[in-house]
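Single-letter residue listing:
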Amino acid sequence: MDCFLSPDAFEPPHGQAHYSERLVRLPGSGHALEWPDTVPEPLAGIRRDEPGSLELFCPQSVFKLMPAQDEAFARVLQALPQARLHLVPHQRDSVRDWLRERMRPAMAAHGVDVDTRVVLHGLMPLDRFMSLARACDFALDSLGWSGGMTALDLLPTAAVVSAIRHGEVLVPALILAGWTVIGIAALRLWFRWEPRRS
């Protein structure tokens with residue numbers, strides 16, 4: 001490969017140092033966002049009545065959920081016993097069943113029941129996807145794939161996206177760059193979890 005094309009807004013000033021190819025910076029964010037006309041209502045049947053319950057959302061496809069992610073999810077769910085994790089990994093039941101079984105040992109090692117604490121949804125139309133995101137308290141991005149289109153897609157839902165640090169490049173900086181490109185001026189720093197009030 002002779003060169004790597006990347007949105008200028010998502011590259012640090014010394015971005016070339018992270019590539020063996022010649023970095024070609026394209027103007028803007030590289031994303032064509034289409035905002036919904038209305039903010040979707042939270043998807044019915046997701047929220048639970050138990051006090052303090054949390055619904056977490058990782059909206060990534062199965063090919064972005066590497067085995068290392070199983071351990072990360074298990075540790076999050078162990079630390080938050082009131083939480084359930086919602087995934088949207090694939091349209092086929094067989095693939096979702098395979099993913100559940102792959103996750104089972106890591107979950108069990110942390111005392112997490114994968115059958116009751118992880119909800120595997122099939123692929124869904126965009127409006128339903130956004131409604132699912134609205135019903136959840138916050139989103140977790142996947143290891144190694146954080147900070148791109150998913151974080152930008154979720155902006156209208158008010159879901160807080162927790163991204164992962166990769167070496168020198170801070171993935172949250174990519175998300176912030178995206179926010180800057182589309183004109184969001186305010187940033188709230190969360191030092192502890194606070195439930196979103198609707």
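Residues numbered from 1 in each chain as written. Predicted model: local features only at pLDDT ≥ 70, side-chain atom pairs only at ≥ 80, totals over all residues. Heavy atoms only, no water.

**So, the confidence of the model for the chain**
The predicted model of the chain averages 78 in pLDDT, with 70% of residues at 70 or higher. Across residues 164–198 the pLDDT falls below 50, and counting only partners more than four positions away or on other chains, this stretch makes 52 contacts in the model. (pLDDT = per-residue confidence, 0-100. Contact = heavy atoms within 4.5 Å.)

**Observations concerning the packing of helix H1 (residues 67–79) against helix H2 (residues 93–109)**
Look at H1 against H2: their axes get within 8 Å of each other, and the N-to-C directions meet at 45°. Taken together, the axis directions place H1 and H2 in an arrangement best described as oblique. Considering how the two elements wind past one another, H1 and H2 form a crossing that is right-handed. Along its contact with H1, which presents Pro67, Asp70, Glu71, Phe73, Ala74 and Leu77, the element H2 presents Arg102, Met103, Ala106 and Met107. Residues that form the contact of H1 with H2 fall into these classes: seven nonpolar, no polar and three charged. (Axes fitted to C-alpha atoms, helices over the stretch in contact; angles between N-to-C directions. Helix = DSSP H or I, 4+ residues; strand = E, 2+ residues; numbered from the N terminus. Parallel < 35°, antiparallel > 145°, perpendicular 65-115°, else oblique. Left-handed = near helix turned anticlockwise from the far one by under 90°. Nonpolar A, V, L, I, M, F, W, Y, C, P; charged D, E, K, R; others polar.)

**What to know about the environment of Phe4**
Relative to the assigned elements, Phe4 resides in strand S1 (residues 3–7). Here the alpha-carbon distance between Phe4 and Arg22, two residues 18 residues apart in the chain, equals 6.1 Å. Those residues in contact with Phe4 that sit more than four places away from it in its chain are Tyr19, Glu21, Arg22, Leu23 and Val24.

**What to know about the side chain of His121**
Its location among the elements puts His121 in the loop between strand S5 (118–120) and helix H4 (126–135). Side chain to side chain, His121 and His86 meet in a polar contact 2.9 Å long. (Polar contact = N/O pair within 3.5 Å; in protein donor to acceptor, adjacent residues only side chain to side chain.)

**Observations concerning the packing of aromatic side chains**
Enumeration according to the criterion identifies two aromatic pairs in this entry. Residues Phe4 and Tyr19 carry aromatic rings whose centres are separated by 4.8 Å and whose planes lie at 35° to one another, so their mutual orientation is tilted. On the criterion of sequence distance, the pair formed by Phe4 in strand S1 and Tyr19 in the loop between S1 and strand S2 (22–26) is long-range, its members being 15 residues apart. Overall, Tyr19 belongs to the partly exposed group, its relative accessible area being 21%. Their ring planes at 55° and their centres at 5.6 Å tell us that Phe57 and Phe129 sit as a pair that is tilted. Placement of Phe57 in strand S3 (residues 54–58) and of Phe129 in helix H4 is noted, with a sequence separation of 72 residues between them. Considered together, Phe57 and Phe129 belong to a single accessibility category, that of buried residues. (Phe/Tyr/Trp six-rings, centres within 6.5 Å; stacked < 30°, edge-to-face > 60°. Buried < 20%, exposed > 50% of the residue type's maximum accessible area, 1.4 Å probe, protein only.)

**A closer look at the nonpolar core**
Counting 21 residues, the largest nonpolar core has Phe73, Leu87 and Met107 as the members making the most contacts within it. Secondary structure elements with two or more residues in this core: S3, H1, strand S4 (83–87), H2, S5 and strand S6 (138–140). The leading source of residues in this core is H2, at four residues. Filtering out sequence-adjacent residues up to four positions away, Met107 remains in contact with Asp70, Phe73, Ala74, Leu77, Val112, Val114 and Val118. In terms of nonpolar packing, the next biggest core, distinct from the first, is built from 13 residues, Leu43, Val88, Met124 and Ala139 among them. (Core = buried A, V, L, I, M, F, W, Y, C linked by side-chain atoms within 4.5 Å.)

**Examining the pairing of S4**
If a strand is regular, its side chains alternate between the two faces of the sheet. The buried fraction of S4 is high, at five of five residues. Burial along S4 is two-sided: Ala83, Leu85 and Leu87 facing one way and Arg84 and His86 facing the other are all buried. Examined bridge by bridge, S3 and S4 share five bridges and lie parallel to one another. Paired with Phe57 across the two strands is His86, which belongs to S4. In terms of strand pairing, S4 meets S5 through three bridges, oriented parallel. The partner of His86 across the bridge, within S5, is Val119. (Pairing = 2+ DSSP bridges.)

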